[in-house]
Every structure is written in structure tokens, then in C-alpha cells.
Amino acid sequence: MPDWSKKFKAEYDYARGWLANEGNFAEDWRPLVRRLHQLTDPAGFDPGQASALSDLRRQVKRGDRVAGGRDEVTEDHGILRAVGAWTADGSGTVEARAKMRAASLKLLRHVYLVNRTGNRKAWVVSLPTELRDWPSDDFNARASTQMDTRTLLRASSEIFSTGDRRHLAAATRHALAWCQRTGMVLALAAAAADGRTGPRRNAALDLVKRWFADPATTNADLVTYIDRLKRGFREVIRMLNRGHLILTDWVPLRTATAAAELDFLNAEAFTFSSHGEGLDVVYIERSFFTNHPGNVLFGLKNWTRILVHELTHMVCGTEDVNIGQTRYAWYGIGPHAGYPGSACIRNADNWAFFSADCGGQLTDAERNTALTIV
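Residues numbered from 1 in each chain as written. Predicted model: local features only at pLDDT ≥ 70, side-chain atom pairs only at ≥ 80, totals over all residues. Heavy atoms only, no water.

## Examining helix H12 (residues 299-316)
Now for step 1: Spanning 18 residues, H12 covers 25 Å between terminal C-alpha atoms, matching the ideal 26 Å at 1.5 Å per step.
Now for step 2: Just downstream of H12 lies Gly317, where phi reads positive at about 70 degrees. (Helix = DSSP H or I, 4+ residues; strand = E, 2+ residues; numbered from the N terminus. Expected span 1.5 Å × (residues − 1).)

Written as C-alpha cells, this is what we have:
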């Protein structure tokens, strides 16, 4: 199994610690380091300090002062100069603490704020594919000489392309819109379940029944399910509006060889249930952008479905229920005696497809495929 102690939060907290003392950096870097430390708030990246990231991407290319300005240098030169470890001939090693300061800057060099409008903010961590682990661990393992350190600092082939980042931004925006629309539907459904009927309320209640009610489900069960869904989607919306959501891959999995690790590497995404990481992090893996022939949804609609699915794990404590097989939509998530409402209400893909349906995103064919009884 993957080493679950190597969560992104551990790397985040470690980097934040190395940025805490700006006096350990070159004098002209200290104002920026102070802002980068403020950016790495204990609760997650602070959108108010996001401009520090673009300034960092410029600063790493600035060398010593010359007549008329500054030299432009390679990023390894810029970062090693920032931590007082650059040598012109590349000889020797980089002192351990300077190396960790460099690794912290390397981490933040590849962080991007996406969805800059309103409260729809998310962060993408797109570390270079050349890295085999989180920067601090990789630098400890492979940066034994000055030249080794330079090689890692020059790594630039980011795991998520500019287009990928745009797609992740769009999926996050749509996820929030789906969840907001779901909240409205659930308010109407609650009224209908309470006996205050009407065409719109009845239609909303039917939507809940479609994804969560088997023939034996009682009205009392429905009231309980609606209450859980209302509270859950309200918490997802609140989390998204905080602007701390982080999307990254689990970097240590990149060199996976064991079957259990490969399962996670080849997944669409995963996260930790019930805020189990301490930061709002979803890990985007190899199958996220892959349109597998067996998928029910494709493209942006599927990327949004994946995010809503994972966010219900992270915020609401949903599960991937296994009855017959793990209940993803391609296998069938229509409630029935063999897959009762009591299981549906725990299953993340039921929540995600219900949200897509509330948002008017499903075609008849997509809905019917997902509801196929297996």
C-alpha cells in the first residue's frame, strides 16, 4: 500500500516551516519570502497572497545586480542564490538546511491559483514529472551534490499542462454550480416530504427517490436521507467557498510498482474521508482525463462528476460502497432491493450523479445507464 504518512499536508507544513525565517534567505529575497510564508496559511493557501506565486516565478530568474538592472539566470541559479548556496563551478554539496529551503521554493514555484473570480478559487500543484517524490524527500534522496541539486531545480515538465489546469479550473467551477443547484432541489424536496406538495416540490422529491429510494424506502427514511444530503452539500459548498481546495497528484506514486500502489496511480482521483488530511486536498491521478470506453460521462461533465464524488468523500464521509462490486455508475447505482437506499445514501457516486441530475446535466441515455439495475 502507499505510505499514507506522505500526504501533501506534511510537505506543505514542512515548506511553511522553512519559510518562517526570512533571514535565512538572500536580502533581496526576504520581502517575497515573507509573503510566501503568509501565503502558506495553516488552513491552506491564502488567496489574498496569490500574487506572491507569480512574483516567485519571476524572481527565480533574477540574478545579481548589473548596470541597468539584473542578470537573467536559470531557475536553479536563482533559487540557489536565494538560499546562499550557488557556486559558480558547481562543485561540492549544498548544505542540508539550504537544500530544504530550496526544495520549499521549488514546491511553491509550481503552485497555481485557478478560478480567480469571486469565491470560486482552487489551487493546482503541478510538480515536474522528473520528481519522484515530494520536493523535500526527493532532494534529500537525490540531491547529494551541487550538480544533482541543480538538475532537480531545473526540472520543468509539469504534470498538469496549461490546458489541464484550465480543465481543472472549469471542473471546480461546475462542481460548485452543481452543488448549489442541488441545495435548491433539496430544499424543495424537504418541503414535499413534509407534506407541502406542489409541482416543483414533487419533482424535487422524485429526484431524490430516483437516486436514493428502493421500493421499501419509507417517507421517514426519505426525510432522513434529505437531511443528510442537505447538510452534506451545504458543507461542500462552504468548503469550496473558502478558496483552499488543492488539486495535485500524489507524487510518491509516480514510481509505483506494487499492485496496491498502481491501483491508486491509475485511478481517476482520491482523497481522505471526513477531512482526514487536515487540508482540502484532492489527488488527481492518471485516469482523470482519460475517456475510458466504459465511462458513463465524458469530458468536462465527467471531470466535474469526479470532483463532486471526491468532495463528498472528503467533506461528507461518503464511501465507495461494494455490493456485488464497487458501486460506480458504470456498474449500476439504481436503488433496488439488492442495492437499497440505505447503501445508496452512503455511496459517493450516487451523490455525484444526483448532483449532476439536479443541475440538469444528464441526458436520458446517461441517466438510464447509471440507473441500470445490476
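## Some thoughts on unusual backbone geometry
Now for step 1: At Ser274, a position not held by glycine, the phi torsion is positive, near 55 degrees.
Now for step 2: Within the secondary structure, Ser274 sits in the loop between strand E8 (269-270) and strand E9 (281-284).
Now for step 3: With relative accessibility at 46%, the residue Ser274 sits in the partly exposed group.
Now for step 4: Of note, the phi angle at His275 is positive, near 55 degrees, even though the residue is not glycine. (Buried < 20%, exposed > 50% of the residue type's maximum accessible area, 1.4 Å probe, protein only.)

## Quick notes on the pattern of salt bridges
Now for step 1: For the structure shown, the criterion picks out 25 salt bridges.
Now for step 2: With a shortest N-O distance of 3.0 Å, Asp357 and Arg367 are connected by a salt bridge. On the criterion of sequence distance, the pair formed by Asp357 in helix H14 (residues 348-358) and Arg367 in helix H15 (residues 364-370) is long-range, its members being 10 residues apart.
Now for step 3: Assessed through its relative accessible area of 15%, Arg367 is described here as buried. (Salt bridge = Lys/Arg side-chain N within 4 Å of Asp/Glu carboxyl O.)

## Brief notes about the state of the cysteines
Now for step 1: Considering all chains together, one arrives at 0 disulfides under this definition.
Now for step 2: With no disulfide of its own, Cys316 has Cys179 as its nearest cysteine by sulfur position, at a separation of 8.3 Å.
Now for step 3: Assessed through its relative accessible area of 17%, Cys316 is described here as buried.
Now for step 4: The thiol of Cys344 is not disulfide-bonded; the next cysteine sulfur, from Cys358, is found 15 Å away.
Now for step 5: By relative accessible area, which is 0% here, Cys344 ends up buried. (Disulfide = S-S within 2.5 Å.)

## Description of the packing of helix H9 (residues 199-212) against H14
Now for step 1: With their axes 10 Å apart at the nearest point, H9 and H14 run at an angle of 150 degrees to one another. As the angle between them shows, H9 and H14 are arranged roughly antiparallel. Considering the relative orientation of H9 and H14, their crossing is right-handed. Seen from H9, the contacting residues are Leu207, Val208, Arg210, Trp211 and Phe212; seen from H14, they are Asn350, Trp351, Phe353, Phe354, Asp357 and Cys358.
Now for step 2: Split by residue class, the contact of H9 with H14 holds 8 nonpolar, 1 polar and 2 charged. (Axes fitted to C-alpha atoms, helices over the stretch in contact; angles between N-to-C directions. Parallel < 35°, antiparallel > 145°, perpendicular 65-115°, else oblique. Left-handed = near helix turned anticlockwise from the far one by under 90°. Contact = heavy atoms within 4.5 Å. Nonpolar A, V, L, I, M, F, W, Y, C, P; charged D, E, K, R; others polar.)

## Looking at the packing of aromatic side chains
Now for step 1: The final tally for this structure, using the stated rule, is 22 aromatic pairs.
Now for step 2: When the centroid spacing of 5.1 Å and the interplanar angle of 40 degrees are considered together, the rings of Phe45 and Trp123 count as tilted. In this pair, Phe45 sits in strand E2 (residues 44-45) while Trp123 sits in strand E6 (residues 122-125), placing the two residues 78 residues apart along the sequence. The two residues Phe45 and Trp123 agree in class, both being buried. (Phe/Tyr/Trp six-rings, centres within 6.5 Å; stacked < 30°, edge-to-face > 60°.)

## Notes on the pairing of E6
Along any regular strand the residues' side chains alternate between the sheet's two faces.
Now for step 1: Side chains Ala122 and Val124 of E6 all project onto a buried face; the interleaved residues Trp123 and Val125 project onto the opposite face, where all are buried too.
Now for step 2: Pairing analysis gives 4 bridges linking strand E5 (residues 111-114) to E6, with the strands arranged antiparallel. For Leu113, the partnering residue across the bridge sits in E6 and is Trp123.
Now for step 3: Where E6 and strand E7 (residues 245-248) come together, 3 bridges link them in parallel fashion. Counterpart to Val124 in the pairing with E7 is Leu247. (Pairing = 2+ DSSP bridges.)

Read these as geometric descriptors, not functional statements.
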